Amino acid sequence: MSSPPTPDAEEIRHALRQVIDPEVGMNIVDLGLIYRIDCAPGELYIELTMTTPACPLSDMILDNIDAVLDPLLPPEVNIRVELVWDPPWSPAMMEEGARAHFGWNG
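Residues numbered from 1 in each chain as written. Predicted model: local features only at pLDDT ≥ 70, side-chain atom pairs only at ≥ 80, totals over all residues. Heavy atoms only, no water.

**Q** Now, about the pairing of strand 5 (residues 78-83): what can you tell me, with residues and values included?
**A** Taken together, the six bridges between strand 4 (residues 43-48) and strand 5 define a ladder with parallel strand orientation. Bridging across to strand 5, isoleucine 46 finds its partner in valine 81. Between strand 4 and its parallel partner strand 5, the chain crosses via helix 2 (residues 58-69), and the hand of that crossover is right-handed. (Pairing = 2+ DSSP bridges. Helix = DSSP H or I, 4+ residues; strand = E, 2+ residues; numbered from the N terminus. Right-handed = clockwise from strand over helix to strand, strands pointing away.)

**Q** Any details on the environment of glutamate 10? Residues and values, ideally.
**A** Here glutamate 10 lies in helix 1 (residues 9-16). Accessibility expressed as a relative area gives 52% for glutamate 10, which makes it exposed. Each C-alpha atom, one on glutamate 10 and one on isoleucine 37, is 8.6 Å from the other, the two residues being 27 residues apart in sequence. (Buried < 20%, exposed > 50% of the residue type's maximum accessible area, 1.4 Å probe, protein only.)

**Q** Requested: an account of the environment of phenylalanine 102, with residues and values cited.
**A** With respect to the secondary-structure elements, phenylalanine 102 resides in the segment after helix 3 (96-101). In this structure the C-alpha to C-alpha distance between phenylalanine 102 and proline 91, which are 11 residues apart in sequence, comes to 9.7 Å. Those residues in contact with phenylalanine 102, other than ones at most four positions away along the chain, are Val24, Met26, Leu31 and Met94. (Contact = heavy atoms within 4.5 Å.)

**Q** Residues and numbers for a negative patch on the surface, please.
**A** Residues Asp59, Asp63, Asp66 and Asp70 make up a contiguous surface patch of negative charge. Locating aspartate 63 in the fold gives a position in helix 2. A relative accessible area of 51% places aspartate 63 in the exposed class. (Patch = residues over 30% accessible without salt bridge, like charges linked within 9 Å, V, L, I, M, F, W, Y side chains within 5 Å. Areas by Shrake-Rupley, 256 points an atom, 1.4 Å probe, with all protein chains shown as cover. Salt bridge = Lys/Arg side-chain N within 4 Å of Asp/Glu carboxyl O. Lys, Arg positive; Asp, Glu negative; His and termini not counted. Charge placed at Lys NZ, Arg CZ, Asp CG, Glu CD.)

**Q** Kindly report on the nonpolar core, identifying the contributing residues and their values.
**A** As a rule of thumb, nonpolar side chains are buried together in soluble globular proteins. Ranked by size, the top nonpolar core spans 25 residues in total, and within it Leu16 and Ile46 carry the most contacts. Secondary structure elements with two or more residues in this core: helix 1, strand 3 (34-40), strand 4 and helix 2. At four residues, helix 2 tops the list of elements feeding residues into this core. Not counting residues up to four positions away in its chain, the partners in contact with leucine 16 are Ile28, Val29, Ile34, Ile37, Ile46, Ile65, Val68 and Leu69. (Core = buried A, V, L, I, M, F, W, Y, C linked by side-chain atoms within 4.5 Å.)

**Q** Kindly report on the pattern of salt bridges, identifying the contributing residues and their values.
**A** Enumeration over the complete set of coordinates arrives at six salt bridges. With its nearest N and O atoms 3.2 Å apart, the salt bridge here joins aspartate 30 to arginine 17. Of this pair, aspartate 30 sits in the loop between strand 2 (26-27) and strand 3 while arginine 17 sits in the loop between helix 1 and strand 1 (20-21), and the two are 13 residues apart along the sequence. On the basis of relative accessible area, arginine 17 is assigned to the partly exposed category, the value being 29%. Of the charged contacts in the structure, one is a salt bridge between glutamate 47 and arginine 36, with a shortest N-O distance of 3.9 Å.

By themselves, these are just geometric observations and shouldn't be taken as functional.
Below is the structure:
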């Protein structure tokens, strides 16, 4: 019996919208913190950043990512989540609706 296929990048992105950055109360996708999602058979790679390298809640956010992905993926899928700082995050990386929510249009 074969295992279910690895979800595609859009399914992963949708699931990651459940992960909220508690400092700002918005999900990590709309904040523009997800830089890359690569899906291959049996493998998932996610590259993300935080709003600042000094983010005190990065471990909590990474744990929440695991909690969201674990029920979505077959156990044999190798998940690698990499925290990167280049390019540095800026409000320009946020989705338009997120910027509007904070009054950062323009």
